[in-house]
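Close look at the chain arrangement
For reference, the chains in residue letters:
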Amino acid sequence: MRSTGFRRTFVTLMASSVALTAAACGSSGDDAANGKTRITVNCEPPKSAKVDRSFFDADTKAFEKANPGIDVAMHDAFPCQDPKTFDAKLAGGQMEDVFYTYFTDAKHVVDVNQAADITSYVKDLKSYGTIQQQLRDIYTVDGKIYGVPRTGYSMGLIYNKKLFQQAGLDPNKPPATWDELRADAKKIAALGKGTVGYADYSAQNQGGWHFTAEVYSQGGNVVSEDGKKATIDTPEGKAVLQNLKDMRWGDNSMGSKQLLVINDVQQMMGSGKLGMYLSAPDNIPILVKEKGGNYNDLALAPMPGGKGTLIGGDGYMFNKKDTPEQIKAGLKWLDHMFLTPGSGFLGDYARAKQNNAPVGLPEPRLFTGAADAKDQQVKKANANVPVDNYQAFLDGNQSLQMKIEPPQAQQIYSVLDAAVSAVLTKKDADIDQLLKDASGKIDSILARG
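Here the structure is a predicted model, which is why all the values come from computation and not from measurement.

A closer look at the overall build of the chain
What the chain contains, in helices and strands, is 17 helices and 12 strands. For 449 residues, the compact-globule formula gives about 22 Å, and the C-alpha radius of gyration of the chain, at 22 Å, lands near that figure. Counting only C-alpha atoms and orienting by the principal axes, one finds that the chain spans roughly 70 × 50 × 40 Å. Within the chain, the proportion of its 449 residues that are buried is 57%. Sequence separation of at least 24 residues holds for 78% of the intrachain contacts in the chain that already meet a minimum separation of 6. Per element, the accessible surface of the chain, about 18,400 Å² overall, is 48% carbon and sulfur.

Have a look at this one:
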């Protein structure tokens, strides 16, 4: 599952979805009418995101000027990958030459034989070796490379420093364990006036997504290493549901309104009525620009539990019909647009700052070594948000195991939604039975492949 989408949040936000193009978008030969190598690419910001789109288009035009033998045809869409149409586009041969995917879909695209093997071409991608290995591995299947990551996120804990202070807690010492989180949530809820200590999602597959992150934080897994069996009916899985149940019914620190989704929780945090919730850093600009929050009040900590965190993100893959020339051109375009530290659509921090976009958030953090140092240096020089508020997150993540979402994630999340919502809406919910039932359903999902 995506976080909020790693499209940078500029002044002009995406207000509504635009339909995916219905025309065939697949490879149509590498020679354009003017003799250039032509590639189609997607995830151009829609017209409703005026600033985003202007930057994306300007960067692509600059790329074409620097590479006069390449012609780039851009297709806009929001969301960049619509789960309702993605498989149909793949099967119908309508996918662009260079196309956007979530991390969770990389193996699926390979399994249905719709991705080009780019193993022999990435040696020409200047930035490839600087990208975090764990992110590169997501697009590597059976030793072959099929895509390139563009962004990555990891889950952490967003908390309200002002409420911490009002509740007598140290705003610079966020909870490091789930026991500490429970104790802090109880003190924050005791402030009254509708204040909630901790909130969690429990509908629209989002409850299952967070259950997964919480299991990871305690050192557990949702499915076995071979991807064939559920592994939630375990001490770690039970601890997740028991903790939620205890906070909801024993402590009354989660409020009475449940079956929440991301927008509900963001609204609570932005209005100053929520102490903590799990999220990636990209939520913070939304809390400020759309929900009324203040950057100075919002801080970020690593996942409680200290053992692991869920990671996600996106990247680009290549159509199996692409010619060698198109693959080479697509890699050059990715390098220019997203993979050059301190520049390009996601990395031009000076331009972002000039347009009042947030600069200084701890993620996405794509690179390693000297490339990462350069990217961080440029980001720091243009920071316009309180970076000290995120230092705990950066420090804490160093010791956490980073885990990707499980296979068949959305179907599994739907099953887990029922377990999470049950403990939050039914005081007498039977945790053991919930985990047993969910395990059987997940086993069936995994058996179907």
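Some points on the packing of aromatic side chains
Enumeration over the complete set of coordinates arrives at 13 aromatic pairs. Ring centres of Trp 178 and Tyr 198 lie 6.2 Å apart, and the angle between their planes is 85 degrees; this geometry places the pair in the edge-to-face category. With Trp 178 in helix α6 (residues 178-189) and Tyr 198 in strand β8 (residues 196-198), the pair connects residues that are 20 residues apart, well separated along the chain. For Trp 178, a relative accessible area of 9% translates into the label buried. An aromatic cluster is built from Phe 56, Tyr 100, Tyr 102, Tyr 316, Trp 333, Phe 338 and Phe 345, whose rings are joined through pairwise contacts. The ring of Trp 249 carries the charged tip of Arg 248 above its face, separated from the ring centre by 3.9 Å.

Looking at the nonpolar core
Among the nonpolar cores identified, the biggest contains 74 residues, and Tyr 198, Phe 211, Leu 244, Met 276 and Ile 442 are the most heavily contacted of them. Excluding anything up to four places from it in sequence, Leu 244 contacts Tyr 198, Asp 200, Glu 214, Met 254, Val 420, Val 423 and Leu 424. The next biggest cluster of nonpolar side chains, apart from the first, holds 53 residues, and it includes Val 109, Tyr 139, Ile 311 and Leu 346.

Description of the state of the cysteines
Applying the stated rule across the entire model yields one disulfide. Paired by a disulfide, Cys 43 and Cys 80 hold their sulfur atoms 2.0 Å apart. In this structure, the disulfide formed by Cys 43 and Cys 80 twists by about 65 degrees around the S-S bond and is classed as right-handed. Highlighted residues: Cys 43 in strand β1 (residues 37-44) and Cys 80 in the loop between β2 (70-76) and α2 (86-91), separated in sequence by 37 residues.

Points about the packing of helix α1 (residues 50-66) against helix α11 (residues 324-337)
The N-to-C vectors of α1 and α11 enclose an angle of 125 degrees; their axes lie 10 Å apart at closest approach. Considered as vectors, α1 and α11 are oriented oblique to each other. Viewed along their axes, α1 and α11 form a crossing whose handedness is right-handed. Across the interface between the two elements, Phe 56, Asp 59, Thr 60, Ala 62 and Phe 63 from α1 touch Ala 329, Lys 332, Trp 333, His 336 and Met 337 from α11. Partitioning the contact of α1 with α11 into residue classes produces six nonpolar, two polar and two charged.

Some words on the sheet that holds strand β9 (residues 274-279)
Spatially, the four strands line up as an open sheet ordered β8-β9-β7-β10, and their pairing is mixed. Each having just a single partner strand, β8 and β10 (298-302) make up the two edges of the open sheet. In this sheet, neighbouring strand axes are inclined to one another by 25 degrees on average, regardless of whether the strands run parallel or antiparallel. In terms of strand pairing, strand β7 (residues 156-160) meets β10 through five bridges, oriented antiparallel. Across the sheet, residue Leu 157 finds its bridge partner in β10, namely Ala 301. Against the sheet, α6 touches β7, β8 and β9, its axis set at about 175 degrees to β8.

Parameters and conventions
Residues numbered from 1 in each chain as written. Predicted model: local features only at pLDDT ≥ 70, side-chain atom pairs only at ≥ 80, totals over all residues. Heavy atoms only, no water. Helix = DSSP H or I, 4+ residues; strand = E, 2+ residues; numbered from the N terminus. Rg over C-alpha atoms; globule rule 2.2 N^0.38 Å. Buried < 20%, exposed > 50% of the residue type's maximum accessible area, 1.4 Å probe, protein only. Contact = heavy atoms within 4.5 Å. Areas by Shrake-Rupley, 256 points an atom, 1.4 Å probe, with all protein chains shown as cover. Phe/Tyr/Trp six-rings, centres within 6.5 Å; stacked < 30°, edge-to-face > 60°. Lys NZ or Arg CZ within 6 Å of the ring centre and 35° of its normal. Core = buried A, V, L, I, M, F, W, Y, C linked by side-chain atoms within 4.5 Å. Disulfide = S-S within 2.5 Å. Axes fitted to C-alpha atoms, helices over the stretch in contact; angles between N-to-C directions. Parallel < 35°, antiparallel > 145°, perpendicular 65-115°, else oblique. Left-handed = near helix turned anticlockwise from the far one by under 90°. Nonpolar A, V, L, I, M, F, W, Y, C, P; charged D, E, K, R; others polar. Pairing = 2+ DSSP bridges.

These figures capture arrangement, not role.
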